[in-house]
Amino acid sequence: MIDAKYNNQAPTSAAPGKKTPLALMIALSFSAAAVASDETQTTPADATMTVHGRALSLYRAQETAFATRTPTAIDDTPQSIQVLPRQLIEDQAARQITDLYRSMSGVSQYNYSYVTFRGFRQDHVLYDGVRGDPFEGLSIPQLFNIERVEVLKGPAAAVMGSGEPGGTINYTTKKPTYATKRHVAVTGGNQDFASAQVELSGSANAEQSQRYRLGIYQDHENPYRQNTDTRNRIIDLGYEWDAGDDTTIGLQYINVTQHIGGGRIRGIPTDDDGNFLAAPSWNANDASDYHDLEAQFYQVHMNHNVNDWLSGDVTFRYFENEDTQKYHESRSLKDTNSDGRNDTVTREYRDQLRTNKAGSVTANLVAQLDQHTILFGADYYRLDNEFTYHRAKRKDGVSDRSLTNPDYTPDDVSSYKSSLAKHTDSREERYGAYLQDQWQITDAWNVLSGVRLDGYRDEVVDVKKQTKEQYSGSGFSYRVGSTYKINTQFHPYAVIATGFVPQAAASQASDNGGPFDPEESLMYETGVRTYLFDNRVNMNVALYHITKENVLQTDPNDSDKQVAYGKVRSQGIEVDVLADLTANWVANLSYAYNDTLVKQGDEQFSNRTVGKRFANAPHNQLGLWTRYHFPAIDSSIGFGADYVSEQLTQDAQKVKSFTVYDMSWQTLWHDWKFQLNVKNLFDKSYAVSGFTEATGSFVGERRRVYLQADYSF
């Protein structure tokens, strides 16, 4: 179990400009040495101790259990990992995970809940280290009840099972506390934003053997895009019981309600150079369109210490959600006045309902044997999904929408001649067992090795076609890595890791060319963690090379089918810097360079041709967050920047590079905290990523202003 007292690390936020980002990072590192104050103090017994500066106490984690499933010092973890603590989430006024992507080196937004992770598109996340995402589907995870976000780079299959090779994001939820913590907060902002929240936590009895947590959050806004409105509500209940000196049992219930009016919202079409063909507020959806999510989440977790060298834990999780989407999709572009510029989109109407019910159990046994920490574990996950999809096209009464002079008078949806496009009932099962050894060879040298055997079973019932197909298979994964402490300043590491991902059940169907072997990946990574200038500057540098095979491609002999012969290579460098510039001034900076190319593909498959870059995989990203504290008035000011270089859409159109800036002000007064955040300070119009030519590029948020008052009692 992760120590609840450790201080977490914040990667960084955003980026200055396009030119020489690495040089800027190096300059920042050396400036830290020039201005940092002395951190070494002498105790009365003349013993020397190191006093961490504000950056290390505010934003840095000393250890995490996410990468190895055992509490492990990050210095002893032979793989790149970042921890974004609650302090960073609050400082940046991050409400949902998309607000934090700039603080994760190598991670950028793809669309909705999908990210580009070291060049690969993915949507695989964990909660409290196990499977079971209540936002399953396209809904974006919210951060109200999240204590920290952990980001493990590269394949994690050796302990976590099937997953994409770019990495894994883990959400650690807030838990009941021994100390009493109570606060209420209200927030207001532009675009009619308003929110309120209350959180109560503490001991339920004098012995503190029972603890509780109650959290409630509600917000509403009317974003600048036409026909849009958003509402979120989260109810989070927790209870923990120390059932003896060696056993702790935790219960948790979460209820999520999310409404996105005018969605599922897409992008805005662009020309080949990335210029928008419509105003930033343009929307293909009508006011009656919406995307709704209702989710229930239940979890039971138990820790037990058998003796002083053997311990175990088990987690049971169940969730169910209903995802309803009724929206207009842009299908093609038209040039109605023959001036050589597309000015209208044809639309179709989609009425989709996804119901998910999923359960998982994860069990671990940890033995501490001399210099070896042995982990044995097993897990099982099952997801039942029903998908119903009705569709109406232009011929069925769906109107076009102009890009240059849009008429937002809604269609009469009831007059559409909709038809059933798809109705499937599927079951997905994932199960596996894993063994891991962490060997402390010397005080300076650690070796980690692990293997895992996975199995999967999929069943797809096509209710419309009245067919049933089943698929099964297995996969073997391993990870071998080592860390070594040359001295107090330099801690290099290296790792080799593999991963696999079973193909989606729908892609496995025989009429699609299946069944197919799982995608397989292999990663080589080496890096060094440095603690420079009396530990005032902490830098992590990682270099990686990843290959991914069995990527599905269009069959060149039959465009209605697919074949599994694609191969993609990703390689790059990531640099994360955490610095104490002065006793009251901290800086956090991340830089990532990535080069992802298709090494084997099909010329008929749009952008995935040999030698082409992958969609939404920028070469350069740079993130900055810095904060200065004024002790005399107990206030702080923050500044952030986010730079993402040029990208390509799935149809190989350009997505222009962008840089946006943020600022914050925070003041503590008695039991109050007042905070002002301004995001996209200069109100820049930009796209964060691209999709297809018809659906366009996804528009970034315009200037947002938030003012919060938080009272603790």
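Reading guide: rules and limits
Residues numbered from 1 in each chain as written. Predicted model: local features only at pLDDT ≥ 70, side-chain atom pairs only at ≥ 80, totals over all residues. Heavy atoms only, no water. Helix = DSSP H or I, 4+ residues; strand = E, 2+ residues; numbered from the N terminus. Buried < 20%, exposed > 50% of the residue type's maximum accessible area, 1.4 Å probe, protein only. Contact = heavy atoms within 4.5 Å. Pairing = 2+ DSSP bridges. Phe/Tyr/Trp six-rings, centres within 6.5 Å; stacked < 30°, edge-to-face > 60°. Axes fitted to C-alpha atoms, helices over the stretch in contact; angles between N-to-C directions. Core = buried A, V, L, I, M, F, W, Y, C linked by side-chain atoms within 4.5 Å. pLDDT = per-residue confidence, 0-100. Salt bridge = Lys/Arg side-chain N within 4 Å of Asp/Glu carboxyl O. Patch = residues over 30% accessible without salt bridge, like charges linked within 9 Å, V, L, I, M, F, W, Y side chains within 5 Å. Areas by Shrake-Rupley, 256 points an atom, 1.4 Å probe, with all protein chains shown as cover. Lys, Arg positive; Asp, Glu negative; His and termini not counted. Charge placed at Lys NZ, Arg CZ, Asp CG, Glu CD.

Caption draft 1: Representation of the overall build of the protein chain in the model. On a plain count of helices and strands, the protein chain comes out with 4 helices and 38 strands. Scored against the burial criterion, the 713 residues of the protein chain give a buried share of 56%. The long-range fraction of contacts in the protein chain, counting pairs at least 24 apart against all pairs at least 6 apart in sequence, stands at 68%.

Caption draft 2: Structural context of the pairing of strand β19 (residues 344–369). In the sheet, strand β18 (residues 310–334) pairs with β19 via 24 bridges, with the strands oriented antiparallel. Residue pairing in the sheet places lysine 334 in a bridge with threonine 344 of β19. Examined bridge by bridge, β19 and strand β21 (residues 401–402) share 2 bridges and lie antiparallel to one another. Pairing of threonine 344 across the sheet is with serine 402, part of β21. Looking at chain direction, β19 and strand β20 (residues 372–392) are connected through 21 bridges and run antiparallel.

Caption draft 3: Expanded view of the packing of aromatic side chains. This structure, assessed with the given rule, holds 18 aromatic pairs. Judged by centre distance (6.4 Å) and plane angle (70°), the ring pair of tryptophan 585 and tyrosine 628 falls under edge-to-face. Of this pair, tryptophan 585 sits in strand β29 (residues 585–600) while tyrosine 628 sits in strand β30 (residues 620–630), and the two are 43 residues apart along the sequence. Residue classification places tyrosine 628 among the partly exposed positions, given a relative accessible area of 30%.

Caption draft 4: Main features of the sheet that holds strand β9 (residues 125–127). The mixed open sheet is built from 4 strands, whose spatial order is β5-β10-β11-β9. With one partner strand each, in any of the chains shown, β5 (81–85) and β9 form the two edges of the open sheet. Across this sheet, the average inter-strand angle for adjacent strands is 20°, counted without regard to direction. Here strand β10 (residues 146–153) runs beside strand β11 (residues 167–173); their pairing, made up of 7 bridges, is antiparallel. Across the sheet, the residue bridging to valine 149 is tyrosine 171, located in β11.

Caption draft 5: The nonpolar core, seen in detail. Within the largest apolar cluster, 40 residues are counted, with the highest numbers of intra-cluster contacts made by Ile97, Leu100, Met104, Leu143, Val149 and Tyr171. Dropping the residues within four chain positions of it, tyrosine 171 is found in contact with Ile97, Val125, Leu126, Tyr127, Asp128, Pro141, Leu143, Ile146, Arg148 and Val149. Core analysis: the next-biggest nonpolar cluster, separate from the first, contains 14 residues, Val577, Ala579, Leu581 and Leu624 among them.

Caption draft 6: Structural detail: the sheet that holds strand β7 (residues 114–117). With antiparallel pairing, the 3 strands of this open sheet are ordered in space as β6-β7-β8. The sheet is open, and its two borders are formed by β6 (107–111) and β8 (120–122), each paired with just one other strand. This sheet shows a mean twist of 35° between the axes of neighbouring strands, independent of strand direction. Where β7 lies against β8, 3 bridges are found, and the strand directions are antiparallel. By the bridge assignment, phenylalanine 117 is partnered in β8 with phenylalanine 120.

Caption draft 7: Up close: the confidence of the model for the protein chain. Summarising the model, the protein chain shows a mean pLDDT of 88, and 89% of its residues fall at 70 or more. Note on residues 1–53: pLDDT is under 50 here. Beyond four places in sequence and across chains, it has 145 contacts. A low-confidence stretch, residues 604–608 stays under pLDDT 50, and its non-local contacts, those more than four residues away or across chains, total 21 contacts.

Caption draft 8: Quick look at unusual backbone geometry. The phi angle at aspartate 192 is positive, at roughly 60°, despite the residue not being glycine. With respect to the helices and strands, the residue aspartate 192 is situated in the loop between β12 (181–189) and β13 (193–203). Notably, histidine 670 is not glycine yet its phi reads approximately 55°, a positive angle. Residue position: histidine 670 is located in the loop between β34 (658–669) and β35 (672–679).

Caption draft 9: Expanded view of the pattern of salt bridges. Within the structure shown, the criterion is met by 45 salt bridges. Here lysine 485 and aspartate 76 are joined by a salt bridge, their closest N and O atoms 3.9 Å apart. Taken together, the residues span a long stretch of sequence, with lysine 485 in the loop between β24 (467–484) and β25 (490–501) and aspartate 76 in the loop between β4 (72–73) and β5 at a distance of 409 residues. On the accessibility criterion, aspartate 76 (19% relative accessible area) is buried. Between glutamate 329 and arginine 266 there is a salt bridge, with the nearest N and O atoms lying 2.7 Å from each other. Highlighted residues: glutamate 329 in strand β18 and arginine 266 in the loop between β16 (247–261) and β17 (290–305), separated in sequence by 63 residues. Three or more residues joined by partner-sharing salt bridges are found here, namely Arg95, Asp219, Glu221, Glu701 and Arg704.

Caption draft 10: Highlighting the side chain of serine 697. Its place among the elements puts serine 697 in strand β37 (residues 697–699). Owing to a relative accessible area of 1%, serine 697 belongs among the buried residues under this scheme. Every residue in contact with serine 697, bar those within four places of it in the chain, is listed here: Gly267, Ile268, Thr270, Phe276, Thr649, Val655, Ala687, Ser689, Gly690 and Phe691.

Caption draft 11: The environment of glutamine 438, seen in detail. By the element assignment, glutamine 438 lies in strand β22 (residues 419–440). Look at glutamine 438 and you get buried, because its relative accessible area is 13%. Between the C-alpha atom of glutamine 438 and that of glycine 481, which follows or precedes it by 43 residues, the distance is 9.6 Å. If we ignore the near neighbours within four places in the chain, the residues touching glutamine 438 are Thr68, Thr70, Thr72, Gln371, His372, Thr373, Val447 and Leu448.

Caption draft 12: View of a nonpolar patch on the surface. On the surface, Leu365, Phe376, Leu435, Val451, Leu453, Phe476, Tyr478, Val480, Ile496 and Tyr524 cluster together into a nonpolar patch covering about 920 Å² of accessible area. Every element with two or more residues in the nonpolar patch is listed here: β23 (445–462) and β24. For the nonpolar patch, the element with the highest residue contribution is β24, accounting for 3 residues. For isoleucine 496, a relative accessible area of 31% gives the class partly exposed.

Caption draft 13: Geometry of a negative patch on the surface. A cluster of acidic side chains, namely Asp272, Asp273, Glu646, Asp651 and Glu693, defines a negative patch on the protein surface. Residue placement: glutamate 646 occurs in the loop between β31 (635–644) and β32 (647–648). Take glutamate 646: its relative accessible area is 34%, and that puts it in the partly exposed class.

Caption draft 14: Focus on the pairing of β35. As judged from the 7 bridges shared by β34 and β35, these two strands associate in the antiparallel manner. Across the sheet, the residue bridging to leucine 668 is lysine 673, located in β35. In this structure, the hairpin formed by β34 and β35 is closed by a connection of 2 residues, where histidine 670 is found at a positive phi of approximately 55°. Here β35 pairs with strand β38 (residues 704–712) via 8 bridges, running antiparallel. Paired with valine 678 across the two strands is valine 705, which belongs to β38.

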